[in-house]
Amino acid sequence: DLVQAGLLSNPKLKALVLSGGGNVKTELGVEQDFLGLFLRPIQIKLGEAHYQVVKHHVGYEVFSLISEVRSAYFTLQGDKQLLALHRAVLEATEAATELASRQYNAGNINMLDLSRHQAISNQANLTLMQNEIKVKIEQDALKWKLGLISDKELKINGVLPQFSENEPALADLHTRSSENRMDLLALKAEIKGLEEALPWARFSQIAEGELGVEQEQEQVQLTGPELKVAVPIFDQGQAEVARKRTELRQKQKQLESLRQEIHTEVGTLYKEMAVNRKTVEYFQKTIIPNHQQIVESAQKHYNFMLQGVYTLLESKQDEINAHRNYIEALKFYWIIRSKLDFAIGGGLEFPLSGGEQDF
C-alpha cells in the first residue's frame, strides 16, 4: 500500500471513429491526471502513517505471544519444581504408613489410626499423579506456543530463578509504557495520519483533474490541449472535513483512555509483583527457617525419645508445605513480571537459572 501511494496513475488513451454519409471522423487523445501529481506528497505521507499503524499492530501481537510463552515457561518450571516436592511428600507419607502398619501388627495402634495414615498416603499419591499429568499438559501447551510439533520432551530445569536485588521504580515503568507500548504507538500513528490528512480533506471533491492532448481529424486535422477539472460548487468537501475532524477527536479521546488504562494496568501489576516478592522474601527469611528449626528440634526430641516419630513426620510435612507455598509465590512473581513486561512494551530482565534450557 505504501508503494502504491507513491505511484502516479496511468495515462488514458482514447480513440473514437465516426462515419456516415461518406464522411469519417476520427478522434485520438491521451489524458493524464495532473492533480494526482500535486497530491502525491500527501498520499505518500498518509501511506507512511498507515504503514506505521500496521507495523505497530504486528509488533503488539508479537509481544503478546512473547508474554504468553514466558508465562507458560515459568508456569511449567514452577510446577516441575513443585512436582519434586510432591514426590517428597509421598515418600514421607509412605514412610509414616509403613511405620503405622508395623505398629498395628504389633498391637500398638488400632485400625482407625492405620486407616488415617493410609488415607493420607493415598491422597498424596493421587495429588502426585494429578500434578504429573498437569506438567505434561503444560509442556504440550508450551510446545504449541513455540510452534514445535516434535514429540521430543522439552528439557527445562525445574528450578525457578531468584529475582534480582533491585526493581525498577513505578514512575519509570509508566514512562516506558508511554514510549514503548505498541498499541499506544499505533494509535499515535493513526492520529498523526489524520492530522496530516485534515488540511487536504476539501480536495477530496476535486481530486480528479485531467490534462490531455486531443487530435480530431475530419476534413482538416486539428490538435489541441484538453482540461477536465471538477468545480466544487455544491460539494465543497465540508462533510469530509467534518468527518475527519470528528474521527481525529475520537482517536484523541481513545488515546487518552488507552493511556489511562495502561497506567492503571501497570500500577496494578507492579503492586501484585511487589506483594509476591515480599511474600517470597518472608518465606525465605522467616517461615522456612522457622520450620527448619522446628524439624531440627523435633529430630533431637525423637533421638532422646522425648516424642514419637509421628510428631517428627508432621513437622517435616509442615516444612514441605512451607516450601510448596514459597515456590507458588515465586512462580506467580515471574508470571506477573512477564505480564508487567508486556504492559510496558518490553525491557524487563528475565534471568535463566539451573543451566541451559534445551529445546
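Just so it is clear, the structure is predicted and the values come from calculations on it, not from any experiment.

Undergrad: Just checking my understanding: could you explain the pattern of salt bridges for this structure?
TA: Pairing between side chains becomes possible if they bear opposite charge and their charged atoms approach one another. Tallied over the full model, the rule gives 16 salt bridges. E167 serves as the salt-bridge partner of R337, at 2.7 Å between the closest nitrogen and oxygen. Separated by 170 residues along the polypeptide, R337 in helix α7 (residues 309–343) and E167 in the loop between α3 (111–146) and α4 (170–180) bring together distant segments of the chain. On the accessibility criterion, R337 (4% relative accessible area) is buried. Connected through salt bridges with shared partners, the residues D79, K134, E328 and K331 form a single ionic network.

Undergrad: Would you explain α4 in this entry?
TA: An α-helix turns once per 3.6 residues; consequently, residues spaced three or four apart project the same way. Residues of α4 that are buried include every one of L173, H174 and S177, and no others. Projection of α4 onto a plane perpendicular to its axis shows the buried side chains occupying an angular sector of 105°, all on one side. Exposed residues on α4 whose side chains face more than 90 degrees from its buried face are A171 and E179.

Undergrad: How should I be thinking about the packing of aromatic side chains in this particular structure?
TA: When we look at a pair of aromatic rings, we describe it by the centre distance and by the angle of the planes. One pass over the structure, following the stated rule, counts seven aromatic pairs. Each ring, one from F74 and one from W334, has its centre 5.3 Å from the other, and the planes form 20°; the classification is stacked. Taken together, the residues span a long stretch of sequence, with F74 in helix α2 (residues 35–105) and W334 in helix α7 at a distance of 260 residues. The same class applies to F74 as to W334, namely buried. Their ring planes at 80° and their centres at 5.1 Å tell us that Y333 and W334 sit as a pair that is edge-to-face. Of the two residues, Y333 and W334, neither departs from the other in class, the shared state being buried.

Undergrad: Mind showing me how you'd approach the nonpolar core here?
TA: Generally speaking, soluble globular proteins have nonpolar side chains that are buried together. L142, W334 and L340 are the most contacted members of the largest nonpolar core, which has 49 residues in total. For this core, the secondary-structure elements that each account for two or more residues are α2, α3, α5 (182–197), α6 (238–303) and α7. At 12 residues, α7 tops the list of elements feeding residues into this core. Beyond its immediate stretch of four places on either side in the chain, W334 contacts F74, L160, P161, Q162, F163, E349, F350 and P351.

Undergrad: Just to check I follow, could you spell out the packing of α4 against α5 for this structure?
TA: The description of two helices packed together rests on the angle between their axes and the distance between the axes. Contact pair α4 / α5: the axes reach a minimum separation of 6 Å and the direction vectors enclose 50°. One finds that α4 runs oblique with respect to α5. Here α4 contributes S177, S178, E179 and N180 to the contact with α5, which in turn contributes M182, L184, L185 and K188. In terms of residue class, the contact of α4 with α5 is built from three nonpolar, three polar and two charged.

Undergrad: When you look at α3 in this model, what are you seeing that I'm missing?
TA: Under the 1.5 Å per step criterion, the end-to-end length of α3 is 52 Å for 36 residues, consistent within 8% with the ideal 52 Å. All of the buried residues in α3 are L114, H117, S121, A124, L128, N131, V135, E138, Q139, L142 and K143. Between the side-chain oxygen of the N-cap and the backbone nitrogen of L112 there are 3.2 Å, and the N-cap of α3 in question is N110. Within two residues after α3, G147 carries a phi angle of roughly 80°, on the positive side.

Undergrad: Please clarify how the environment of Q292 should be interpreted in this entry.
TA: Note that Q292 resides in helix α6. Judged by its relative accessible area of 34%, Q292 is partly exposed. Residues Q292 and I320 lie 28 residues apart in sequence; the distance between their C-alpha atoms is 9.7 Å. Not counting residues within four places of it along the chain, the set of residues in contact with Q292 comprises E319 and H323.

Undergrad: I'm lost on the confidence of the model for the protein chain in this one. Help?
TA: Low pLDDT means the predicted atomic positions in that stretch should not be read closely. Scored by pLDDT, the protein chain has a mean of 83; 84% of the residues are at 70 or more. The secondary structure element of the protein chain with the lowest average pLDDT is strand β3 (residues 209–217), at 57, and the one with the highest is α4, at 94. For residues 353–359, every residue scores under 50 in pLDDT, and the model assigns this stretch 18 contacts once sequence neighbours within four places are set aside.

Undergrad: Mind showing me how you'd approach the side chain of D341 here?
TA: Along the polypeptide, D341 turns up in helix α7. Taking relative accessible area as the criterion, D341 reaches 5% and is therefore assigned buried. A polar contact of 3.1 Å, which involves the side chain of D341, links it to the side chain of R70. Here D341 is in contact with R70, G346, G347, L348 and F350, once residues within four sequence places are set aside.

About the thresholds
Residues numbered from 1 in each chain as written. Predicted model: local features only at pLDDT ≥ 70, side-chain atom pairs only at ≥ 80, totals over all residues. Heavy atoms only, no water. Salt bridge = Lys/Arg side-chain N within 4 Å of Asp/Glu carboxyl O. Helix = DSSP H or I, 4+ residues; strand = E, 2+ residues; numbered from the N terminus. Buried < 20%, exposed > 50% of the residue type's maximum accessible area, 1.4 Å probe, protein only. Arc of directions from axis to C-beta. Phe/Tyr/Trp six-rings, centres within 6.5 Å; stacked < 30°, edge-to-face > 60°. Core = buried A, V, L, I, M, F, W, Y, C linked by side-chain atoms within 4.5 Å. Contact = heavy atoms within 4.5 Å. Axes fitted to C-alpha atoms, helices over the stretch in contact; angles between N-to-C directions. Parallel < 35°, antiparallel > 145°, perpendicular 65-115°, else oblique. Nonpolar A, V, L, I, M, F, W, Y, C, P; charged D, E, K, R; others polar. Expected span 1.5 Å × (residues − 1). Polar contact = N/O pair within 3.5 Å; in protein donor to acceptor, adjacent residues only side chain to side chain. pLDDT = per-residue confidence, 0-100.

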